[in-house]
Amino acid sequence: MPKLKVLTLVLFTGILVATGAAIAQMTDKSFARGVVSADGAISLPSNFRTDYVMLGAWSVAGDADTGGGVGLHVVYAPRGVVDVYRKTGKFPDGAVLVKELFKGKTETLTTGEATSAADQAGYFVMVKDTKGRFPGNPLWGDGWGWAFFEPGQITNTVTKDYKAECLACHEPVRSTDLIYDYAYPVLKP
Ligand code: HEC
């Protein structure tokens, strides 16, 4: 092949590859928008209380996150995620789950001993990633991004490695994509 033709071919292929990469990046910008940055950093969605659907809640006696007191864990996901899950039984790519932790305040009311949400104790966030987008990033793997946030620190996760800090506790529910989904009535069709 003449030199010029080879050069043109090389250039053309280069442009194609670059365009492909740019398009892939553009389409990926919509991946968990506002929650996941281009390099895989995870932050807490600021609107989850008002815009997400509450999936369900847990009351945990002697909770480690609340210094041994009763903890309340309230779990949220965007409405679109709930719609897809109810149809398919699966969390779609980009699905965000938020678990908000509270210290429980227990008192005797007219109903009996009742516990309500008092001080915040932190937030857990998981983001579904079906494409393995961030290989080598220790917050991503097993189909999810994983992060914990202290109250008031919603853009800076304290999580360094999900395998050490999250995974073992979620292994019992591996068959349901590592999520304790049986506790969320909203997800049931
Ligand atoms: C000590 C065990 C333990 C650790 C460590 C742990 N989890 Fe969980 N997680 C659970 C359990 C059990 C539930 C459901 C019951 C509850 O909240 O009490 C849960 C629920 C969740 C939920 C709500 C969705 C679901 O699976 O029901 C999210 C989101 C979550 N965890 C994220 C994380 C992330 C992110 C980490 C690491 C930063 C983490 N968890 C570490 C035990 C753990």
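Structure: see above.
Summary of the structure given here. Numbering of residues starts from 1 in every chain and runs along the sequence as written. Whole-chain, interface and lining totals are the exception, using all residues; otherwise, since this is a predicted model, local features are given only for residues with pLDDT of at least 70 and side-chain atom pairs are given and counted only at 80 or more.

### Regarding the overall build of the protein
Labels follow the DSSP assignment, with helices taken as runs of H or I lasting at least four residues and strands as runs of E lasting at least two, numbered in each case from the N terminus. For the protein, the helix and strand inventory stands at four helices and six strands. From first element to last, N terminus to C terminus, the protein shows the α and β order α-α-β-β-α-β-β-β-β-α. Considering the protein as a whole, with its 189 residues, one finds that 27% of them fall into the buried category. Note on contacts: residues are paired as contacts if their backbone-placed C-beta atoms lie within 7 Å. Taking all contacts inside the protein whose residues are at least 6 apart in sequence as the whole, residues at least 24 apart take part in 53%. Whether a residue is buried, exposed or partly exposed is read from the other C-beta atoms within 10 Å of its own C-beta, which are placed from the backbone; 20 or more gives buried, 12 or fewer gives exposed, and intermediate counts give partly exposed.

### A word on the environment of Phe-124
Its location among the elements puts Phe-124 in strand E4 (residues 112–128). We classify Phe-124 as buried; it has 20 C-beta atoms within 10 Å. Counting along the chain gives 25 residues from Phe-124 to Phe-149, while the straight-line C-alpha distance between them is 6.4 Å. Beyond its immediate chain neighbours, meaning those up to four positions away, Phe-124 contacts Lys-99 and Phe-148.

### Some words on the sheet that holds strand E3 (residues 96–109)
Taken together, six strands build an open sheet; the order of strands is E1-E2-E3-E4-E6-E5 and the sheet is antiparallel. In this open sheet, the two strands that pair with only one neighbour each are strand E1 (52–60) and strand E5 (140–141). Note on definitions: angles span 0 to 180 degrees between N-to-C directions of axes, and those axes are lines fitted to C-alpha atoms, for helices only across the stretch in contact. Set on the sheet, helix H3 (residues 79–88) makes contact with E1 and strand E2 (71–78); between it and E2 the angle comes to about 80°. Two strands pair if DSSP finds at least two bridges between them.

### Remarks on the environment of Arg-86
By the element assignment, Arg-86 lies in helix H3. A tally of 12 C-beta atoms within 10 Å means that Arg-86 is categorised as exposed. Remark: the alpha-carbon pair of Arg-86 and Val-186, spanning 100 residues in sequence, is separated by 8.2 Å.

### Quick word on the site of the ligand
By nearness alone, 19 residues border the ligand, and Phe-124, Trp-146, Cys-166, Cys-169 and Tyr-180 come closest of all. At the level of secondary structure, the elements contributing two or more residues to the shell around the ligand comprise E1, E2, E3, E4, strand E6 (144–149) and helix H4 (162–170). For the shell around the ligand, the leading source of residues is H4, giving five residues. Near residues are defined by distance alone, with the backbone-placed C-beta atom required to lie within 6 Å of the molecule or strand.

### Focus: unusual backbone geometry
Phi is mostly negative for residues that are not glycine, and the peptide bonds are mostly trans. Located in the positive-phi region is Ala-32, a residue other than glycine, with phi close to 45°. Phi is positive for Leu-178, close to 70°, though the residue is something other than glycine. When you line up the elements, Leu-178 lands in the segment after H4.

### A closer look at H3
Of the residues making up H3, those classed as buried are Val-81, Val-82 and Tyr-85. Buried residues in H3, looked at end-on, bunch into an arc of 100°, giving them a common side. Relative to its buried face, H3 has exposed residues pointing more than 90 degrees away, namely Arg-79, Gly-80, Asp-83, Lys-87 and Thr-88. In this structure, the buried side of H3 is in contact with E1 and E2. One or two positions beyond H3, positive phi appears at Gly-89, with a value near 75°. The arc in question is the one traced by the directions running from the helix axis out to the C-beta atoms.

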